[in-house]
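# Structural overview
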Amino acid sequence: MSVAQSARRVGVAVVGLGGAVATTAAAGIEVIRAGANRLDGLPLGDVSVPGMVDYRDIVFGGWDLDGSDLSSAARHHRVLSDAQVADTQDALSAIRPWPAVGSGAFCRGVDGANKHEAPGHRAAVDAIAADLRRFRDTSGADSVVMINLASTERTPGDDPALHSLDAFERALDRDDPSIGPAMLYAYAAIESGVPYGNFTPSVAADAPALKELAKKRNVPVAGKDGKTGQTMMKTVIAPALRSRALHVDGWFSTNILGNRDGEALRDPDSLASKLDTKGSVLDSILGYRVEDHVVDIRYYRPRGDDKEAWDNIDVSGFLGHRMQIKVNFLCKDSVLAAPLAIEIARVLDLAQQRGEGGVQEQLSLFFKAPMVANGHAPEHAFHAQERILMDWLGAPG
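Definitions and cut-offs
Residues numbered from 1 in each chain as written. Predicted model: local features only at pLDDT ≥ 70, side-chain atom pairs only at ≥ 80, totals over all residues. Heavy atoms only, no water. Helix = DSSP H or I, 4+ residues; strand = E, 2+ residues; numbered from the N terminus. Expected span 1.5 Å × (residues − 1). Buried < 20%, exposed > 50% of the residue type's maximum accessible area, 1.4 Å probe, protein only. Pairing = 2+ DSSP bridges. Contact = heavy atoms within 4.5 Å. Axes fitted to C-alpha atoms, helices over the stretch in contact; angles between N-to-C directions. Salt bridge = Lys/Arg side-chain N within 4 Å of Asp/Glu carboxyl O. 1 Å grid on protein atoms, 1.4 Å probe; cavity = no way out; pocket = protein on both sides within 12 Å on 5 of 7 lines; lining within 4 Å. Points joined across faces, edges and corners; volume = space filled by probe spheres on them. Nonpolar A, V, L, I, M, F, W, Y, C, P; charged D, E, K, R; others polar. Parallel < 35°, antiparallel > 145°, perpendicular 65-115°, else oblique. Left-handed = near helix turned anticlockwise from the far one by under 90°. Polar contact = N/O pair within 3.5 Å; in protein donor to acceptor, adjacent residues only side chain to side chain.

Here we take up helix α12 (residues 333–353). Taking 1.5 Å as the rise per residue, α12 with 21 residues should run 30 Å; its terminal C-alpha atoms sit 31 Å apart, in good agreement. Summarising burial for α12: 17 of the 21 residues are buried, a large majority.

Quick look at the pairing of strand β6 (residues 247–257) now. Where β6 meets strand β8 (residues 306–316), nine bridges bridge the pair, whose relative direction is antiparallel. For S253, the partnering residue across the bridge sits in β8 and is D311.

Here six strands make up an open sheet; going across it, the order is β2-β1-β3-β4-β5-β10 and the pairing parallel. Because the sheet does not close on itself, it has two edges, and the strands there are β2 (58–63) and β10 (358–359). Packing against the sheet, helix α1 (residues 20–33) makes contact with β1 (10–15) and β2, and its axis sits at approximately 160° to β2. Sheet strands in contact with helix α6 (residues 181–191) are β1, β2, β3 (143–148), β4 (196–198) and β5 (220–223), and its direction is about 160° off that of β4.

Summed over the entire model, instances satisfying the criterion amount to 18 salt bridges. With a closest N to O distance of 3.4 Å, D225 and K368 form a salt bridge. In this pair, D225 sits in the loop between β5 and α8 (230–243) while K368 sits in the loop between β10 and α13 (382–393), placing the two residues 143 residues apart along the sequence. Residues D225 and K368 agree in their burial class; the two are buried. Here K307 makes a salt bridge to D333, at a shortest N to O gap of 3.3 Å. Taken together, the residues K307 in strand β8 and D333 in helix α12 connect sequence positions 26 residues apart. Judged by its relative accessible area of 9%, K307 falls in the buried class. Assessed through its relative accessible area of 10%, D333 is described here as buried. One network of salt bridges, in which partners are shared, links R122, E169 and D173.

Another point: empty space enclosed by the protein. On inspection of all chains with the given rule, the structure shows one cavity of 30 Å³ or more. Here the largest cavity is characterised by a volume of approximately 40 Å³. What lines the largest cavity is V12, V14, A25, F60, I147, L149, A341 and I342. Put simply, the parts of the chain that give the lining of the largest cavity at least two residues each are β1 and α12. Along the lines of polarity and charge, the residues of the lining of the largest cavity split into eight nonpolar, no polar and no charged.

Attention now goes to the packing of helix α4 (residues 121–139) against α6. Running from N to C, α4 and α6 cross one another at 55°; their axes reach a closest spacing of 9 Å. In terms of their interaxial angle, α4 and α6 are classed as oblique. Note on packing geometry: the crossing formed by α4 with α6 is right-handed. Across from H121, R122, A124, V125, I128, A129 and L132 in α4, the residues of α6 making contact are L184, Y185, Y187, A188 and A189. Of the residues belonging to the contact of α4 with α6, the class tally is ten nonpolar, one polar and one charged.

To continue, consider the layout of surface pockets. Here the second largest pocket defines a volume of roughly 520 Å³. Lining the second largest pocket are 20 residues, and of these T24, G28, V31, D40 and Q84 sit closest to its centre. Elements that contribute at least two residues to the lining of the second largest pocket include exactly α1 and α12. Ranked by residue count, the leading element in the lining of the second largest pocket is α1, at six residues.

Relative to the helices and strands, D311 is located in strand β8. As a C-alpha pair, D311 and M233 span 78 residues in sequence and 9.6 Å in three-dimensional space. In this structure the side chain of D311 is engaged in a polar contact, spanning 3.0 Å, whose partner is the side chain of Q230. There is a polar contact of 2.5 Å between the side chain of D311 and the side chain of S253.

A few words on the sheet that holds β8. With mixed pairing, four strands are arranged side by side in an open sheet as β7-β6-β8-β9. Either end of the sheet is taken by a strand with one partner, and the two such strands are β7 (292–299) and β9 (322–332). Strand-to-strand twist across the sheet, computed as the mean angle between neighbouring axes with direction ignored, equals 10°. The sheet contacts of α8 involve β6, β7, β8 and β9, and relative to β6 the element is tilted by about 165°. The strands that α12 touches are β6, β8 and β9; relative to β9, the one it contacts most, it runs at about 80°.

The structure is reproduced here in structure tokens:
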């Protein structure tokens, strides 16, 4: 007589737990746990892979500079319907973010009362690691994954401290200002044996020193910058244009959004980090430089989380005749992002179960600037990325 095994439970520790994406993800899991049978918007919802955690067995915790419980945060972000807020109120109101490590130098204009005032880098790392241990113990999770959903940080300079693990360790000891919060969280996760996914454009586990650490510790890492709306559409459309030999003469992209992410991007340094990841996709897919590739992001408060992404594409075809393509994607930013964050956590956890540490290139499908293990150019074309992930999962084509 066989004994039924209990389901594995996975804790997702989120940096930026009180943001619109994280609260939407947590609410979504609660709706599924309550008995919802529809898994719309979850890319792997219809994929059955042995060992991959069920959505109902995911629990959330994490850090945020705003200490409001998640139900209050969800009401503030106004992504969920009134009925969804009411249905998830009891569960989400029981989740409060832990004090977060923040830095005005790396993310100007983003602060809050729920801040961990660590006396230095090592103390901050120790505090984050202690939170991870406590989360594992109190949540009953069999394993923990960390996902960065925090506001975008400025990109640090090409500092030698980030180039090797030895240099990074010495930089931690002297509280080097080139090390920002995203790197501290990534370091703490990897040192704790916790898989790490970076959904932001901030430099974190992609720093050479931390890639080295992840490989050395055999801890799965992936990132960076979640590919949700406009860039996702680019990675679908651009391969088709290349296949039809339609030359892209110019591609103008503009975004307006009014959520917390948009507000953080009002800082020019944070905006530069975001534009860098959004702008790196097109040339790689097409095989040539699009000289007139313009990407513009504007904070427009009335829109809230309802982002508008508008593209004008100028192309040349047979006999040099010119044509245009217009794409206007009116989307809910967090409704697109939350399912991806959930799937990234599930795949990172599965990679750890399989004993596969270091950079997880099969997760490239979900990122604007995918990390690669051995220095080769990342794959950006959507269909190719999807095939890589499905092959790794062992899912039927």
